[in-house]
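Structure at a glance
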Amino acid sequence: MKHVNIPVFIPHLGCPNDCVFCNQKRISGTSSFHKEDVDSIIKNALSTIDKESTETEVAFFGGSFTGIERSDMLYLLETAHKYIESGEIKSIRLSTRPDYIDVEILSILKKYGVKTIELGLQSMDDAVLSVTKRGHTSKCAIESCKLIKQEGFTLIGQMMIGLPGSNLEKELHTANLICELCDGARIYPTVVLRETELCQMAKTGGYKPLTLEDAIMRTGEALAVFAGKGKQVIRIGLQSGDELYDPDVVYGGDYHPAIGELAENYVFYKKICEKIEKEKLDVSGKTLVIYCPIGCTSKVIGQKKSNKIKLINNLNIKYIKVVEKNDVIDYNIELSIL
Ligand code: SF4
């Protein structure tokens, strides 16, 4: 069965916080939201979906769903639940904050057919959480994750790369904790949006936006942690939209629509180099054959053949051949020399 999400964006509703990096109005491209429209959003989306071959989920994203005024939250859940009862959708997923989770809220979510909760964890480092004004601690995040899992939900942890006060070490710590606590992850390299406190910090020198190179390396390293522990990363980087190319919207942080692929290229390059070293392969002047998972040849070769060129130049390899193989999964490439 194909899986399809019907996304319903809840812009900043119910969120009294102002995380320094957040400008929900800008990122969604919408500044107004009417809960009464949700029924037609779902109905219209369903009319384009082949129900026989598709497993459909309504996904409430943006803002902090469980922080919405209770009557509005119930209205939205009831609206989506109607379609679970009619068999047209399978379940509901939503995103929220760790401090808006408790046993009572989880029992409401369960009753209405919520299956997956995505938690905006962002960082598991208290100094980073404090400087970004997240308004909760890592202890709170850990407890929320444990409670969500205890209650039987699927849990996706969202983390950010390049927040103020963060570094690679703190991001790897966050990725490792998410692996322990969650079923999967999303990774978002920080993009500096205008009209945010982070933008002010960047303008006054209090924050240095990520360069593209740094974003690829740090995202790739986090991705390697998840891959190493068999955890799925369901998305890397913000959903590409016209507004993210608009200099009136984005101040810095080098938004790149293919950041996910670039990070994957990075991990493949790293894995190939590690394997050559571990197996003590003498590749100089030889042809290196890389066996990769089905559909991954372009990721192994890299954008604009960057991985291939680096490997040839750095290791004096004569030629590189990439072969896709059924039994190679994730980043567990195999190598041989001709
Ligand atoms: S909690 Fe989420 S919606 Fe609220 S300000 Fe922070 S990032 Fe934005």
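Calculation rules
- Residues numbered from 1 in each chain as written.
- Predicted model: local features only at pLDDT ≥ 70, side-chain atom pairs only at ≥ 80, totals over all residues.
- Helix = DSSP H or I, 4+ residues; strand = E, 2+ residues; numbered from the N terminus.
- Expected span 1.5 Å × (residues − 1).
- Contact = placed C-beta atoms within 7 Å.
- Domains from an automatic or database assignment.
- Pairing = 2+ DSSP bridges.
- Axes fitted to C-alpha atoms, helices over the stretch in contact; angles between N-to-C directions.
- Buried ≥ 20, exposed ≤ 12 C-beta atoms within 10 Å, placed from the backbone.
- Core = buried A, V, L, I, M, F, W, Y, C linked by C-beta atoms within 7 Å.

**Structural notes on helix H6 (residues 138-150)**
Taking 1.5 Å of rise per residue, 13 residues should cover 18 Å, and H6 covers 18 Å from first to last C-alpha, within 8% of that figure. Buried-residue contacts for H6 involve helix H4 (103-111), strand E4 (114-122), helix H5 (126-131), strand E5 (154-161) and helix H7 (168-181). Positive backbone phi, approximately 90°, marks Gly-152, located one or two places after H6.

**Considerations on the domain arrangement of the protein**
Examined at the domain level, the protein breaks down into domain 1 (2-257) and domain 2 (277-337). The centre of domain 1, based on its C-alpha atoms, is set 34 Å off from the matching centre of domain 2.

**With respect to the sheet that holds strand E8 (residues 232-236)**
Spatially, E1-E2-E3-E4-E5-E6-E8 is the arrangement adopted by the seven strands of the open sheet, whose pairing is parallel. Bordering the open sheet on either side are strand E1 (2-9) and E8, each of which pairs with just one other strand. For this sheet the average axis-to-axis angle between neighbouring strands, irrespective of direction, equals 25°. Two strands pair when backbone bridges link them, and strand E6 (residues 184-189) and E8 are joined in this way by four bridges, in the parallel orientation. The residue bridging Arg-186 from the neighbouring strand is Arg-235, located in E8. Helix H9 (residues 212-228) rests against E5, E6 and E8 of the sheet, and its axis sits at about 175° to E6.

**A few points about unusual backbone geometry**
Of note in this structure, Lys-280 is not a glycine but carries a positive phi near 50°. Here Lys-280 falls in the exposed class, since 6 other C-beta atoms lie within 10 Å of it. Its identity is not glycine, yet Asn-316 carries a phi of approximately 55°, on the positive side. Locating Asn-316 in the fold gives a position in the loop between helix H12 (306-315) and strand E11 (319-324). The class for Asn-316 is exposed, based on 11 C-beta atoms found within 10 Å.

**Observations regarding the environment of Tyr-112**
If you trace the backbone, Tyr-112 turns up in the loop between H4 and E4. The sequence separation of Tyr-112 and Phe-9 amounts to 103 residues, and the corresponding C-alpha distance is 18 Å. Once you skip the residues sitting within four places of it in the chain, Tyr-112 turns out to touch Leu-77, His-81 and Ile-92.

**Digging into the nonpolar core**
Here is a general trend for soluble globular proteins: nonpolar side chains tend to be buried in one another's company. Core analysis: the biggest nonpolar cluster contains 81 residues, and Val-58, Ile-187 and Leu-223 have the highest contact counts within it. Built from parts of two domains, this core gets at least three residues from each of domain 1 (2-257) and domain 2 (277-337). Setting aside residues no more than four positions away along its own chain, Val-58 makes contact with Ile-6, Val-8, Ile-42, Ala-80, Tyr-83, Ile-89 and Ile-92.

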